[in-house]
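Architecture and fold: a report
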Amino acid sequence: MEEAPRFPGESIKAIAKDVMYICPFTGAVSGTLTVTDYKLYFKSLEREPPFILDVNLGVISRLETIGVQSHGENSCGMEIVCKDMRNPRFAYKQEEQSKLEIFENLTKHAFPVSNNLPLFAFLYKEKFPVDGWKVYDPVAEYKRQGLPNESWTISKVNSNYELCDSYPALLVIPTSIKDEDLRRVVAFRAKHRIPVLSWIHPESQATITRCSQPLVGPSDKRCKEDEKYLQTIMDANAQSHKLTIFDARQNSVADTNKAKEGGYESESFYTNAELTFLEIPNIHVMRESLRKLKEITYPVIDEAKWLSNVDSTHWLEYIRLLLTGAVRIADKLESGKTSVVVHCSDGWDRTAQLTSLAMLMLDSYYRTIKGFEVLIEKEWISFGHRFAVRVGHGDVNHTNSERSPLFVQFIDCVWQMMRQFPAAFEFNELFLITILDHLYSCLFGTFLYNSEQERVKAELHTKTVSLWSYINSQPEEFTNPFYVNYENHVLYPVASLRHLELWVDYYVRWNPRMRPQMPVHQNLKELLVIRSELQKKVDELHREASTRSLSSSSDRGSSPSHSATPVHTTV
Amino acid sequence: MLTGSKTSFKIKQLVPDFKDKTLNFSNTALRSRETSDFKCLPGERVLQRTQPVRKPRAGRGSSLTGALLCTTFRVAFVPEEGVAKTEDRDSVPVFLGEHDVALASIERVVAVSPSRWKVLSARSSLRFHPEELVLFCRDLQVLRFHFEKSSAESAEITSAIARVYQPSVPASLSSFQRSALGSVEVKQYLSNRGADPQMNWFEGLQDWERELARTGATAWRVSSVNDRFEMATSLPKFNVVPQRILDTELKRTFAHFTEGRIPRWCWHHPEGSDLLRAASFQSNIYHEKHDARNLEALLFGRHPQCVIVEVGEDMPPPSEIQAAHSRLRALCLGDIPASLSVSDEKWLSSLEASRWLDHVRSCLRRSAEVSCLLAEGDLAVVLQEAEDRDLNCVVSSLVQIMSDPHCRTLPGFQNLVQKEWVSAGFRFLHRNNYTRDRDKEESPVFLLFLDCVWQLLQQFPSHFEITEVFLLTLHDRAHLPLYSTFLFNCQRERGRNTQHLSQSYTPVNGWQELVNGGLAPGSGGPSFPPVWDWALHCTPERRDSFRNPSNTPLSPGAVPNGNSETPPSRELSDCSGSGPGLVLLFSKGSLGPAPHLLPWRNAGGAASGWKNHRRAPSRDGLSRLERALKGQPLGPRGPLLPLLLGPCLRVWRGCYLRGALQTQVPPPVSSHLHVDFLASEVERLRGRLALAKGLDRHGNCKRAESRGTNQKPRQETTNHNFLFAGNRGTGCSPERRYTQTPTRGQKHPKLPP
């Protein structure tokens, strides 16, 4: 039997024959199980075509031994609980050495961090023609936004990550802010996450700034410098004499936070500021919601109760809350021409979700493949969304309450927007699913670690490959053929439950009875290929015709050059 | 309307009253006639007009500004910019523009001011100046109009609409019909409409013969035994029965079925099976020996096996379909005025509780099962329903859509509805309940069918030539009492109301017959066009998007379920002859032999006279059918079997949620439009290529030729994959979408002309 296919740098750790995969859809099937340092690969030749199950180890949340009675001598069972909505189960004979070995190896390599092993991303040796680490250059991105300008400056004050260890080295802050004032603001904000600019409106100069909660505490502490800082942010936008602070949390939770050092801006101290709570529950609620969603989608779907079951997970309700919040932020900037400050408690979870979604609505650049990559690199990765903690890369401790699917939720929101505006995004659904798959896989370095500081220390950019290298080396796979660049179009998705839909192609994709019946994308791709070929042919012929006509005669010279204008339409 | 009929009597009484009403508005009517931007139908009068009015458009904040008109036929909105097309100025204008709503579709008129709202009826008086007018329509649309200034004028037009729309009064119905169709000009115009050569109306003998030839059914013939509707009033004149039954024998069978609706042929599967439909057996009748023989011949055709499918079993009765639709409707529109802000909570649970999607699922499941049966060989599958006039229509047409690619084309779909609904005697008039006096019989069975088709379309987008826009338009038009298609319960009624001079049937095209009937001298009533005459009541832009340009090409020689490895065994076909065949009952998803099902076989001795030399029911054959039922992959040519799991059935948002008052809802960009766009661009590039080649040829003939040969293979592959105008074949309607470049240019200004 041939060996399992491997990536460059991947090595086989153990192989076991006669292992039984208990498929919840098609019944048990026997075959060979291979464990490498990247994946678990099961192949059975019992079926035609061969049955293959390929699960990367990064996606494994926990391994559990289970009892399996009904499978004859295969009395031992193992359930592989995955982060991506499936739980494959295997059955095997207990006493055999090879079986013991394989599951030992599985346990070891599925959780490399807990076993003092490197994550596979550091072993992966694939070479791509494009370097994805070059996608995001903060200076270039801020320049694209028209920064620095007279009110805002790109500051190197955090270049050693001393000011704030979870922020990037480059920060955009008000030009006029004095260093000693900044120190006081730093001290007044949780985790030192001061208000910094995320996005500036090209016309009104209204801005989205993000930060963490102010450390008001039960005694209603004030910080004049912080108040002045927000006033400066407001003054940087001449169009409005207001500043809106969006606190993503539930009002009651914010009050609880206030009782223990945290809190929110008081409207009486921050003159001209209005504070709005977006009432979004915390990471634990989201984790529980996704857990319930998994329960109702894998492996069995209750046909008669499907919709009420989805209702009971509240997953779509939270998606709605996020979208509603982001729409309010975007609308405040676009229609209200007012600058906004967004924060939650630490400013790295809900804040990242809200600012990135609002930016996606406001700025068509982020709806391109490159732009979306920049958005993720900027708002999520560089601003310290704690990917390692929230996903638990290579960590055996599955009960860690810091894990939460916030990034999944964000991508789901993007998918909802994509569904409502099918032509507004340059990327397709596969792009989003690929991103989510590699959020867990640990194949690429992109989502590893919690902050820029940690990444620099681990020399991530030299020792691992970026996910964007893989994606940008074959952009045609991820391109939406219907893309129209709606420049300067602000998208306001309908954030109503009746217009949201469960992302079945992601959450329920392991159910073979859910496979899409029509490869529509294939057809569309073919259309695109035909179009570009024809376009090339037309251009080529026109070029030839015009050069000939130029050299031969001038009397009919105008017509070819006229028709030679390339067809610039986009679809 | 014919004089003497009950309804027309009422009309005459009420018409003067109606005229008084219009007189009140004569001044405004005069004024509006002068404006050129709105074109009345010849029989239509403008009652009231006001402007400026804003109509919120998809997309936040954006709205169209224009004039709002109330006429005797519709509420029209004429936007200021983008004035309607001027192409067919001289012909009768399109009945309904994109922004218009016919009076008969309006269900409720609500006047809204900042402080209050009021549901208006003809008699209610409006004591405030509304700022907004909301029209709730039967087809689940909700139209909102904002008056720029709330004034007496806004109150006037609101009251005017409330006075004329009168949903449940028959007189307003017929005055509505008259204002659209009653004028001499429209009648003249209708009489000159050419017949669509692709349309099969299933009215004449030849129509059915055409269908037999199309499907390749040979063992069947068209019987005219019912041509005076003496055998079965609700059946069409012509019915397809097995060749070997003589008309005299056939006549004796009608009494054995409810309403005389004997088993009739519907469709022939290329693998040999036939689809039949029938009403239930009349059990209280004495079965003579030779009757039984005829009855069995009728059921079996030439097949050795006959599967009887109890269509009504585990399926919602029409009353439940109506109840589910009402629940869905209440959920989608909400209660007035709560609908102005319908609560979002528990949306999915409430949707589930409406059970509408359950009913969609059971129709699709039953149809998928029947499709699998048909694909498996040599069978007569008889759909049996108590009256054969509701779910049989749904299932028989869904089966054909799943199994026959022709039925997924635009003409094919229209023909299918003609065959299985219009001609088969679906009670459109009673089920639609236009006059609101048959609430007990009202049931949106047809709309349930359209939803099922939409589900299939969602799951197999490139297998359909028809589009969501087409289904949506058909859905909306079914609520309008204007079309011969939807105004009658059976062919007999339809013929009586559009009576033509000659009594004997002339097998000419049925459509012309209808028109001539309407124009018969002396008959003052309007003649109703069929809904399929889209040019009459839809804008060209809308008609443009009826067809999906990129659906997979039809291959006429296709063999459904072509399984090369194990060809379907023919073991059962050898027991042909006149012996009693194997009768199987399909029930609860499985098959079982059920000889008792045929009442005459129980009636002792009746069957004993048969020479019983056929072998016992073959278990093999049975298990093969059961295998087929499990819906195992049936190959690329097999029927389209929809996924029925919870997540796979979706709510038809584009239809039911149009009314949810969301100003942000993005325009319904169906991806078909995009494919259309892409396809037309490819087409245009081809054109430019040809042009460029022409140029090239001037300069260098040799090279151009070599290029030409290079080009060829690719074009061929293209033709395989996509249906473009160039290779759509001759089977298309005369108005080819790709030749209409002007409209396309306007629609998509980004394209260079």
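Whatever comes next refers back to the structure up there.
Below is a summary of the structure that appears in this document. As the structure is a prediction and not an experimental result, all values here were calculated from the model. (Residues numbered from 1 in each chain as written. Chains lettered and ligands numbered in written order. Predicted model: local features only at pLDDT ≥ 70, side-chain atom pairs only at ≥ 80, totals over all residues. Heavy atoms only, no water.)

**Quick look at the side chain of B:Thr485**
All names here are of chain B. Inspection of the secondary structure puts Thr485 in the loop between helix H16 (468–477) and helix H17 (491–497). At 2.9 Å, the side chain of Thr485 and the backbone nitrogen of Val531 are in polar contact. Ignoring sequence-local partners within four residues, the contact set of Thr485 consists of Gln418, Val422, Phe428, Arg494, Pro530, Val531 and Trp532. (Helix = DSSP H or I, 4+ residues; strand = E, 2+ residues; numbered from the N terminus. Polar contact = N/O pair within 3.5 Å; in protein donor to acceptor, adjacent residues only side chain to side chain. Contact = heavy atoms within 4.5 Å.)

**What about the pairing of strand S12 (residues 274–279) of chain B?**
Residues and elements named next belong to chain B. Taking burial as the measure, the six residues of S12 include six buried ones, the bulk of the element. In S12, alternate side chains face the same way, and those of Asp274, Leu276 and Ala278 on one face and Leu275, Arg277 and Ala279 on the other are all buried. In the sheet, strand S11 (residues 264–268) pairs with S12 via four bridges, with the strands oriented antiparallel. Among the inter-strand pairings, Arg264 is bridged to a residue of S12, identified as Arg277. The pairing of S12 with strand S14 (residues 379–385) spans six bridges and is classified as parallel. Across the sheet, residue Ala279 finds its bridge partner in S14, namely Glu385. (Buried < 20%, exposed > 50% of the residue type's maximum accessible area, 1.4 Å probe, protein only. Pairing = 2+ DSSP bridges.)

**Considerations on the environment of A:Asp255**
Residue and element names in this part refer to chain A. Mapped onto the secondary structure, Asp255 falls in helix H5 (residues 251–259). Relative accessible area serves as the criterion here: at 37%, Asp255 is assigned to the partly exposed category. Residues Asp255 and Ser469 lie 214 residues apart in sequence; the distance between their C-alpha atoms is 44 Å. Polar contacts involving the side chain of Asp255 include one to the side chain of Tyr264, which spans 2.5 Å.

**So, unusual backbone geometry**
Note that the residue after A:Leu147, namely A:Pro148, is joined by a cis bond; omega there is 0°. Relative to the helices and strands, A:Pro148 is located in the loop between helix H2 (138–144) and strand S8 (152–155). Cis peptide bonds are those with omega within 30 degrees of zero, and the linkage from A:Tyr298 to A:Pro299 qualifies with -5°. Positionally, A:Pro299 belongs in the loop between helix H6 (283–297) and helix H7 (306–313). Its identity is not glycine, yet A:Tyr161 carries a phi of approximately 60°, on the positive side. With respect to the secondary-structure elements, A:Tyr161 resides in the loop between S8 and strand S9 (171–174). A positive phi angle is found at B:Leu140, which is not glycine, with a value near 75°. Inspection of the secondary structure puts B:Leu140 in the loop between strand S7 (132–137) and strand S8 (142–147). Exposure remark for B:Leu140: the relative accessible area of 1% places this residue in the buried category.

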